[in-house]
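Spelled out, the chains give:
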Amino acid sequence: MEIWINPACSKCRSAISLLDAEGAEYTVRRYLEDVPSEDEIREVLDRLGLEPWDITRTQEAAAKELGLKEWARDDSSRDRWIAALAAHPKLIQRPIITADDGSALVARTDDAVQDALSRK
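Heads up: these notes are all about the structure in this document. Note that the structure is predicted; figures quoted are calculated from it, not measured.

Within the chain, the secondary structure is distributed over 5 helices and 4 strands. Listing each helix as α and each strand as β along the chain from the N terminus yields β-α-β-α-α-α-β-β-α. By the compact-globule yardstick of 14 Å for 120 residues, the chain fits well, its C-alpha radius of gyration being 14 Å. Based on the C-alpha atoms only, the size of the chain along its principal axes is roughly 40 × 25 × 25 Å. Sorting the 120 residues of the chain into buried and exposed places 45% on the buried side. Look at the contacts in the chain between residues 6 or more apart in sequence, and 63% of them connect residues 24 or more apart. With the model as given, the accessible surface of the chain reaches about 6300 Å², and the carbon-plus-sulfur share is 42%.

Here we come to the packing of aromatic side chains. Going through the model one piece at a time under the given rule, you end up with 3 aromatic pairs. Aromatic pair Trp53 and Trp81: ring centres 5.8 Å apart, planes at 70°, arrangement edge-to-face. Within this pair, whereas Trp53 is found in the loop between α2 (38-48) and α3 (61-66), its partner Trp81 is found in helix α4 (residues 78-87), the two being separated by 28 residues in sequence. Side by side, Trp53 and Trp81 carry an identical accessibility label, which is buried. Clustering of aromatic rings is evident, with ring pairs tying together Trp53, Trp71 and Trp81. Over the ring of Trp71 we find Arg80; its NZ or CZ atom is 3.8 Å from the centre of that ring.

Another aspect to go through is the packing of helix α1 (residues 10-21) against helix α5 (residues 110-117). α5 packs onto α1 with a crossing angle of 45° between their chain directions and a minimal axis gap of 10 Å. Looking at the two axes, α1 sits oblique to α5. Crossing handedness for the pair α1 and α5: right-handed. Every residue of α5 that contacts α1 at Ser14, Ala15, Leu18 and Leu19 is listed here: Asp110, Val113, Gln114 and Leu117. Each residue belonging to the contact of α1 with α5 can be placed in one class, and the counts come to 5 nonpolar, 2 polar and 1 charged.

Definitions and cut-offs
Residues numbered from 1 in each chain as written. Predicted model: local features only at pLDDT ≥ 70, side-chain atom pairs only at ≥ 80, totals over all residues. Heavy atoms only, no water. Helix = DSSP H or I, 4+ residues; strand = E, 2+ residues; numbered from the N terminus. Rg over C-alpha atoms; globule rule 2.2 N^0.38 Å. Buried < 20%, exposed > 50% of the residue type's maximum accessible area, 1.4 Å probe, protein only. Contact = heavy atoms within 4.5 Å. Areas by Shrake-Rupley, 256 points an atom, 1.4 Å probe, with all protein chains shown as cover. Phe/Tyr/Trp six-rings, centres within 6.5 Å; stacked < 30°, edge-to-face > 60°. Lys NZ or Arg CZ within 6 Å of the ring centre and 35° of its normal. Axes fitted to C-alpha atoms, helices over the stretch in contact; angles between N-to-C directions. Parallel < 35°, antiparallel > 145°, perpendicular 65-115°, else oblique. Left-handed = near helix turned anticlockwise from the far one by under 90°. Nonpolar A, V, L, I, M, F, W, Y, C, P; charged D, E, K, R; others polar.

The structure is reproduced here in structure tokens:
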């Protein structure tokens, strides 16, 4: 599995600690440094079963500067949202775990991390 993290995020550190405690094999992607492409974001969204606005941190300064709260949330706006996430990766909700079974989840709770661990 792979986990997208921001090391400054307490939820990310908690998820890593739980993965380590369970002896899980995983790869860390520091997505602010190794920024996902628009295609990678689309793939993760497909795996999550979510839309880009569902994983957008709308309280971030960049979201406010872009006026994201005013953007339409429909199919015709999807690419615009994905482009914004790729251009401003800090807007991506974290941590995101992509499991070996092809699924993914936003792992902001211990229960979500446990769910990811069960998907081996």
